[in-house]
Amino acid sequence: MNDFIDDSLVNDFLTESNELIEQLDVDLVRLETETGNTELLDQIFRALHTIKGAASFLNLDAMTSFTHAAEDALNKMRKGEVEVTEHVIDCMLKSVDIIRNQLKEMADGDAITYGPQHLIDALHKIADIKSPQPTASSSDTPDESGSAGAADAVAPGGAQVRSIEFPPQKADVLPFMVDDLLDSAAQLESCIEQLAQGAGAGEISQRVVDLSETMQATAGFFDLEILVSLVKMVRAVGDSLITVDEELIPAIALRVRTIIHLINPYAEMIGECREPVWPLEQFADRLETLLSGKKIEDQASADATTAIEVLEADGVFIPESSSPSSVATDTPVSEAAGPTTPKSDDPKSETPTGTSGAEQTVRVEVKRLESLMNLVGEMVLTKNQIRGLGRTLSDHTLPHEVKEMITSTVSDLDRLTGELQVGVMRTRMQPLDKLFGRYPRIIRDLARSTDKEIDLKIIGGETEVDKSVLELLADPMVHILRNSADHGIEMPADRLASGKPETGTITINAAHQGGHVRVEIVDNGKGLSREKLASLAVKRGITTEAQVASLTDNEVYQFIFAAGFSTATEVSNLSGRGVGMDVVRTNISKLGGEVHVVSTQGEGTTIEITIPLTVAILPAMLVGVGTSEYAIPIANIIEIVKPDESTCYSVAGAAVLRLRETVLPLVDMTDLLGEPRDEQTGQFAVVIESGQQCAGLLVDRLVGQQEVVIKSLDDEYTSGGPFSGATIREDGDVSLILDITALTRSAQVSHDQGAPVPAQTSIAV
Amino acid sequence: MTTTSTTTDLMQDTNTQNDSELLQLVSFVVGVEEYAIPILRVQEINRMMQITRVPQSPEFVEGVINLRGKIIPVVDLRARFGLGCSESTSENRIIVVEVSGRVIGFTVDKVNEVLRISANIVDDPPTMVSGIETDYVEGVGKLDDRLLILLDLNKLFGDVDLGAAGEQAAADAA
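Everything numeric here is computed off the predicted structure, so don't read it as measured data.

Trainee: Even after reading the chapter, I still don't get unusual backbone geometry, so can you show me in this structure?
Mentor: Note: most peptide bonds trans; most residues except glycine with negative phi. Residues and elements named next belong to chain A. One non-glycine residue with positive phi stands out, namely D451, at about 60 degrees. Note on placement: D451 falls in the loop between helix 17 (439–450) and strand 5 (454–459). In this structure D451 comes out as exposed when scored by relative accessible area, which is 59%. Even without being glycine, R660 reaches a positive phi, approximately 50 degrees. Inspection of the secondary structure puts R660 in the loop between strand 15 (654–659) and strand 16 (662–668).

Right, here's the structure in full:
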């Protein structure tokens, strides 16, 4: 059966299920604290149910049976028959892990392993705690799923109906799906008529198969169990039509008509966000019997001559008007299928899923966004060149009107490219919550395994950053959190002893700050120990005793980012292998970001990460040094001053700039870059900041501000200098972008060697 | 070649065929010597353009240029060969080549011509060629009126291990 499921369907399933799994993690942890939140419980149930439905459609038995067990357990909680305890949540979270693993196996093309029996047993136990009769947990019968469905109701005819909800993006296309379904049903009918008139079975068979595939795509997308089983039947008919004995064809045709008879009211009901619950098992069995070339033994069913009779004989009880809103079943006019679905007066049905008006979304491959981003980068460069051209032209003797036209066209182009760039960049932006969403689970697990009590607070999760930033931030964040939970937060008893609340708190605080995103991870644990860090740093040969003595506490703390440095006396399974914080710094500097640690012993530790919002385009100030122009990222510039003898002097051989109350190391760019000197040299001092370090750069001229597209400079011919990249200027020439981090660091080092400055100091570890 | 060839053609053909294939080269001048590289390695030849100096880079690196939106390094071949500074003339050119996936430009005093020579007139490099380390020399082509030094681009530019993949990835990222 699997062979008729195409890859795109599988991919959709994987993407969607993975998202649901992430959400499940978050919701389950929330549920633990909000045990009475039935809405949340329903949400969890729906997510699991969706995964189960899709898995069963794709014939993923291992996943279906497992999700099924989890669903049963969850259902008990929804009915209030099982209390939401830590143990239950543990089981559920483990189940989520198993499903996640199964999804991964599927994505990797491996065989999906069945869930561990002990966990399934545990789930069954939860499901059965208060009900001696186990719920049917063997297969995916419509009957049983009915009992699991939300808001079960009995339709007038006796058939059960449950309301269903769709995620917004699905709800939006619901009317189209209903149309498609009715259309397919009509086509199927014409096929069967032709078959009855003696058309070639081969041709009809192919058409039926094609139709079933169309329907199957819809059914799979909407995760509708009944429809899935109906479509499977149609498919089976199509497959065996050629091989089956001719005398059975009328009986099969009748059953296909029966299916059509079912699909029509079904489509109408789905259009109203309700799904009937039909026990189709017997019907399916008998159809299968027929298709395998045997006659049906049950007399009533075999003798049936109309669809209704077949259904009655096979135990599917569907009266003529099965839906409460009594949509005529035999005239499947797509009234209800149009965009104005609701027929009833109930205002709720006008917003079938409670999510109408939600944003419509389209999934786009990241690759496409990236190539779009590159193109916009090129375009910004070209725009800059045109702007330069415009300036050159306006110097020429042209008619005034022409000059004006050039100016206004160029400024229009400027604005449009700017908007385009922002727009494209925005498509790549994702909220940090996408990353932070996993953390409550991580912290909960850590707390459980270490017997600590830890509260995680997340502030500013809606802050958006570029996708690439998000991805590179993932690992460092986990490392930091683990460190905070493992090494920072003390055991409850120790906390009480030192007069703190038993429960430790880790706060993640994210916010935009200029062109940067700042993420703080604050814990109120025991803080870092200067003595331990300093002695370790000396032991590891990172620094010397003499140097340590002159360092401030915060300078000593930065040692935790050095490679092979771990303060945990014992290596735990959580952290403490001495690689974590090193990875943190490497990853963050890859993003052009910074990481700092501030700590007060006994009160806690704050780790602060600052990273640029985007890595490709940045506003920069072009400055002239000698005969060249260099770019300095605007985000790093604090101010620009004109130094004179009163503010610019030398301390112990190192040049410094006195800026109001602070003294900054001063870098003579002419010297550093080997540019020629003249009377213009060192006219301006650009005060830059990187992390918490400041420095002044002496430059000759200020050229102006420009958006620059960063091009890498990393082959062995051009790397090595204090440059983070290069960019193409308006005139088409290349300017190098100054690496502010490297400059401030080297300035501080040479400065510190000259004379330590108390106010603004730091250390390059 | 074909049977319809004239006698002279045939004679030339036997000459070349017996020993090896034809080499298609681009010849250029650096200092007083004439050098050549296989034409298939050449991406393009440009007139001199604005080269941005990259401070703190190796001495023989002249800087970087904007090659239609891509930034590529340019090596001063005179400096690479230790021949001292070149005088800039209107005949100076930047030859752009690809060496193990990396695009690199180098400056030459003058580009001479595109020529075909038969591989059998190329000798192994002598131990010393006009002061250049012979590592870079693949062979010496003996033309009727002059000598041609065939350069090995891989040895000339590919001697530092920076994978092509890494650079490409970095370029894509930017």
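Trainee: Would you take a moment to explain the interface of chain B and chain A for this structure?
Mentor: Where interface size is given, it is often the accessible area lost as the parts come together that is meant. Counting residues at the interface gives 29 residues for chain B, matched by 30 residues for chain A. At the boundary of chain B with chain A, total buried surface from both sides reaches about 2300 Å², with 57% on carbon and sulfur atoms. For the pair chain B and chain A, the number of links is one salt bridge. A salt bridge links E675(A) to R53(B); the nearest nitrogen and oxygen atoms lie 2.9 Å apart. Taken together, the connections running from chain B to chain A amount to six residue pairs in polar contact (both at pLDDT 80 or more). At the level of secondary structure, the elements contributing two or more residues to the side of chain B that touches chain A comprise strand 4 (61–67), strand 5 (70–76), strand 7 (102–108), helix 3 (153–157) and helix 4 (164–173) of chain B.

Trainee: So what exactly am I meant to see when it comes to the environment of E213(A) here?
Mentor: Here E213(A) lies in helix 8 (residues 201–222). Residue E213(A) is classed as partly exposed on the basis of its relative accessible area, which comes to 34%.

Trainee: Looking at this model, I keep getting lost on the packing of helix 4 (residues 86–107) of chain A against helix 17 of chain A. Mind explaining?
Mentor: What describes two packed helices is the angle between their axes and the distance between those same axes. Residues and elements named next belong to chain A. Taken N-terminus to C-terminus, the directions of helix 4 and helix 17 make an angle of 125 degrees; their axes are 13 Å apart at the nearest point. By the angle class used here, helix 4 and helix 17 are oblique. As helix 4 runs across helix 17, the sense of the crossing is left-handed. On helix 17, the residues that touch E86, I89, D90, L93, D97 and R100 of helix 4 are R441, R444 and R448. The residue makeup of the contact of helix 4 with helix 17, split by class, is two nonpolar, no polar and seven charged.

Trainee: How should I be thinking about the pattern of salt bridges in this particular structure?
Mentor: When their charged atoms lie close together, side chains carrying opposite charge are able to pair. Residues and elements named next belong to chain A. Across all of its chains, the model carries 35 salt bridges over all chains by this definition. R729 is the partner of E629 in a salt bridge, and the nearest nitrogen-oxygen pair spans 3.2 Å. With E629 in strand 12 (residues 628–633) and R729 in the loop between strand 20 (723–728) and strand 21 (734–738), the pair connects residues that are 100 residues apart, well separated along the chain. The partly exposed category is assigned to E629, whose relative accessible area is 22%. Residues participating in the shared-partner salt-bridge network are D25, E32, E86, D90, D97, R100, R441, R444, D445 and R448.

Trainee: What should I look at first to understand the side chain of D733(A) in this one?
Mentor: By secondary structure assignment, the location of D733(A) is in the loop between strand 20 and strand 21. By relative accessible area, D733(A) is classed as buried at 18%.

Trainee: Looking at this structure, I do not really get the sheet that holds strand 9 (residues 594–600) of chain A. What am I missing?
Mentor: The strands making up a sheet associate through backbone hydrogen bonding, with each pair oriented either parallel or antiparallel. Residues and elements named next belong to chain A. Pairing is mixed across the open sheet formed by five strands, whose spatial order is 5-7-8-10-9. The outermost strands of the open sheet, each flanked by one partner alone, are strand 5 and strand 9. Here the average twist between neighbouring strands, direction ignored, is 15 degrees. Relative to strand 8 (residues 516–523), strand 7 (residues 504–513) is paired through eight bridges, and the arrangement is antiparallel. What sits directly across from N509, in strand 8, is E520. The sheet strands contacting helix 17 are strand 5 and strand 7, and the helix crosses strand 5 at an angle near 165 degrees. Those strands touched by helix 18 (residues 467–488) are strand 5, strand 7, strand 8 and strand 10 (604–612), and its axis lies near 15 degrees from that of strand 8.

Parameters and conventions
Residues numbered from 1 in each chain as written. Chains lettered and ligands numbered in written order. Predicted model: local features only at pLDDT ≥ 70, side-chain atom pairs only at ≥ 80, totals over all residues. Heavy atoms only, no water. Helix = DSSP H or I, 4+ residues; strand = E, 2+ residues; numbered from the N terminus. Buried < 20%, exposed > 50% of the residue type's maximum accessible area, 1.4 Å probe, protein only. Contact = heavy atoms within 4.5 Å. Buried area = accessible area lost by both parts, 1.4 Å probe. Salt bridge = Lys/Arg side-chain N within 4 Å of Asp/Glu carboxyl O. Polar contact = N/O pair within 3.5 Å; in protein donor to acceptor, adjacent residues only side chain to side chain. Axes fitted to C-alpha atoms, helices over the stretch in contact; angles between N-to-C directions. Parallel < 35°, antiparallel > 145°, perpendicular 65-115°, else oblique. Left-handed = near helix turned anticlockwise from the far one by under 90°. Nonpolar A, V, L, I, M, F, W, Y, C, P; charged D, E, K, R; others polar. Pairing = 2+ DSSP bridges.

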